[in-house]
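# Understanding the architecture of this molecule
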Amino acid sequence: MPRLSEVIAALETLWPAERAESWDAVGTVAGDPDQQVTRVLFAVDPVQEIVDEAVKLGADLLVTHHPLYLRGTTTVAATHFKGRVVHTLIKNDIALHVAHTNADSADPGVSDALAGALDLRVTGPLVPDPTDPAGRRGLGRLCALDHPLTVRELAARAAERLPATAQGIRVAGDPEALVRTVAVSGGSGDSLFDQVRAAGVDAFLTADLRHHPVSEARAQSPLALLDAAHWATEWPWCELAASQLDEISDRHGWDLRVHVSKTVTDPWTAHAASPPSDPLGAPN
């Protein structure tokens, strides 16, 4: 059985901490480097529900995409929900490791997993990492479809292939427009509109799209926008990451048992569809 330090060293080869954005908080949050690891759980969010799942599973290591503490703190008291997470982890000898923006830009990374879930062919990064001579790392991915789909059909594919959430898929643009090329970015993506327009793709699928950036983007080009739930766009990475660790475990003879949480931690829990729109417009 490997020690935690050995498993973390292997994970760092996949997602080096130095490739995270300067504002990010990645790496090991809790855990004894000398503890043995036999079972690993991957999830998007380090919330209490996921930590309780790790306890029930008997996991020694929890790997999440989102950080527990993105900003500094002065307390880990169990009177606070993040403190309770820390206490539960330590009491049950469960380590926590975070791979966030360093997993976003990895090759393969979060957006590769998103593209794979949608059966899109990746042609390159949306925002290339200038330190990668191979030109494969970076934020987001540019993709091609094997055959054109309408925006409506692409949205239906995303709704079918991504984990179900209350939000589903929102669309901005002509639902009948044809799509041959797509940009995807797991997580919040409206800061990438300039790069998406420069790439000349027909559609952009991401999450957390806001009113004003979308309104301005639609005014500047016919680009179709598909807005999925943040959690849903990043969950496919958990399966990709688990398979990468499985391969490392086999190579080293570690015999790790690697799991992916299917617990939905998207914070939105219900959706009420609007009635058919009134041709006279919004109510006064």
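Our structure's up above, just so we're on the same page.
Residues numbered from 1 in each chain as written. Predicted model: local features only at pLDDT ≥ 70, side-chain atom pairs only at ≥ 80, totals over all residues. Heavy atoms only, no water.

### Brief notes about the pairing of strand β8 (residues 178-188)
Note the following rule: Two strands pair under a simple rule: DSSP has to find at least two bridges between them. Numbering of helices and strands runs from the N terminus, with a helix taken as a DSSP run of H or I at least four residues long and a strand as a DSSP run of E at least two residues long. Seen with its strands pointing away from the viewer, a crossover is right-handed if its path from the first strand over the helix to the second goes clockwise.
In this sheet, β8 lies alongside strand β6 (residues 138-150) in antiparallel orientation, the contact comprising six bridges. Its bridge partner being in β8, A144 is matched across the sheet by T181. Summarising the sheet, β8 and strand β9 (residues 203-207) pair through four bridges and their orientation is parallel. The residue bridging A183 from the neighbouring strand is F204, located in β9. Following the backbone out of β8, through helix α7 (residues 193-199) and into the adjacent parallel β9, one traces a crossover that is right-handed.

### A word on the sheet that holds strand β4 (residues 95-98)
Spelled out, the test is: Orientation is described by axes fitted as lines to C-alpha atoms, over the contacting stretch for helices, and by angles from 0 to 180 degrees between their N-to-C directions. Contacts are assigned to residue pairs that have any heavy atoms within 4.5 Å of one another.
Taken together, five strands build an open sheet; the order of strands is β1-β4-β3-β2-β11 and the sheet is mixed. Here the strands that pair on one side only, and so sit at the sheet edges, are β1 (27-30) and β11 (257-260). On average, adjacent strands in this sheet sit at an angle of 25° to one another, irrespective of strand direction. In the sheet, β1 pairs with β4 via three bridges, with the strands oriented antiparallel. For G27, the partnering residue across the bridge sits in β4 and is V98. Of the strands in this sheet, β1, β3 (61-64) and β4 are in contact with helix α1 (residues 4-14), which crosses β3 at around 20°. Across the face of the sheet, helix α9 (residues 230-252) comes into contact with β2 (39-43), β3 and β11 while running at roughly 175° to β11.

### Considering the packing of aromatic side chains
Which entries qualify depends on this criterion: Classification of ring pairs uses Phe, Tyr and Trp, with its six-membered ring standing for Trp, and accepts pairs whose centres are within 6.5 Å; under 30 degrees between planes counts as stacked, over 60 as edge-to-face, and the remaining range as tilted. Burial classes follow relative accessibility: with a 1.4 Å probe on protein chains only, a residue under 20% of its type's maximum area counts as buried, one over 50% as exposed, and anything between as partly exposed.
Applying the stated rule across the entire model yields three aromatic pairs. When the centroid spacing of 6.3 Å and the interplanar angle of 80° are considered together, the rings of F42 and W237 count as edge-to-face. Of the two residues, F42 sits in strand β2 while W237 sits in helix α9, which places them 195 residues apart along the sequence. For the residue pair F42 and W237, the accessibility class agrees, reading buried in each case. Among the aromatic residues, those joined into a cluster by ring pairs are W15, F42 and W237.

### Thoughts on the sheet that holds strand β7 (residues 170-172)
A sheet is described by the order of its strands in space; here six strands give the open sequence β5-β6-β8-β9-β10-β7, paired in mixed fashion. The open sheet terminates on both sides in strands that have one partner only, identified here as β5 (121-128) and β7. Taken pair by pair, the neighbouring strands of this sheet meet at an average axis angle of 25°, ignoring direction. Note: β9 against strand β10 (residues 224-228), five bridges, orientation parallel. Counted as the bridge partner of F204 is L225 from β10.

### Regarding the environment of N92
Relative to the assigned elements, N92 resides in the loop between α3 (81-91) and β4. Spatially, the C-alpha atom of N92 lies 30 Å from that of G109, the residues being 17 residues apart in sequence.

### A few points about the pattern of salt bridges
Short version of the rule: Salt-bridge detection follows one rule: a side-chain nitrogen of Lys or Arg within 4 Å of a carboxyl oxygen of Asp or Glu.
One pass over the structure, following the stated rule, counts 12 salt bridges. The salt bridge involving R3 is made with E6; its shortest N-O contact spans 4.0 Å. When its relative accessible area of 32% is taken as the criterion, E6 is described as partly exposed. Here R137 makes a salt bridge to D129, at a shortest N to O gap of 3.3 Å. When its relative accessible area of 12% is taken as the criterion, R137 is described as buried. Classification of D129 as buried rests on a relative accessible area of 16%. Each of the salt bridges in this network shares a partner with another, and the network as a whole consists of R3, E6 and D34.

### Section: the side chain of D129
Put simply, the test is: A 3.5 Å cut-off defines polar contacts: any pair of N or O atoms within that distance qualifies, except that in protein one atom must be a possible hydrogen donor and the other a possible acceptor, and neighbouring residues in sequence count only when both atoms are side-chain atoms.
Mapped onto the elements, D129 comes out in the loop between β5 and β6. Within the local environment of D129, its side chain forms a polar contact with the side chain of T131, the two groups lying 2.7 Å apart. Excluding anything up to four places from it in sequence, D129 contacts R137 and G138.

### Notes on the packing of helix α2 (residues 48-57) against α3
Inclusion rule: Comment on the angle field: the value is read as roughly parallel under 35 degrees, roughly antiparallel over 145, roughly perpendicular from 65 to 115, and oblique elsewhere. In the scheme used here, Gly and all other residues not listed as nonpolar or charged are polar, with Ala, Val, Leu, Ile, Met, Phe, Trp, Tyr, Cys and Pro taken as nonpolar and Asp, Glu, Lys and Arg as charged.
Look at α2 against α3: their axes get within 10 Å of each other, and the N-to-C directions meet at 10°. On the basis of their axis angle, the class for α2 and α3 is roughly parallel. Where α2 abuts α3, its residues Q48, V51, D52 and V55 lie against F81, R84, V85, T88 and L89. The residue inventory of the contact of α2 with α3, partitioned by class, reads five nonpolar, two polar and two charged.

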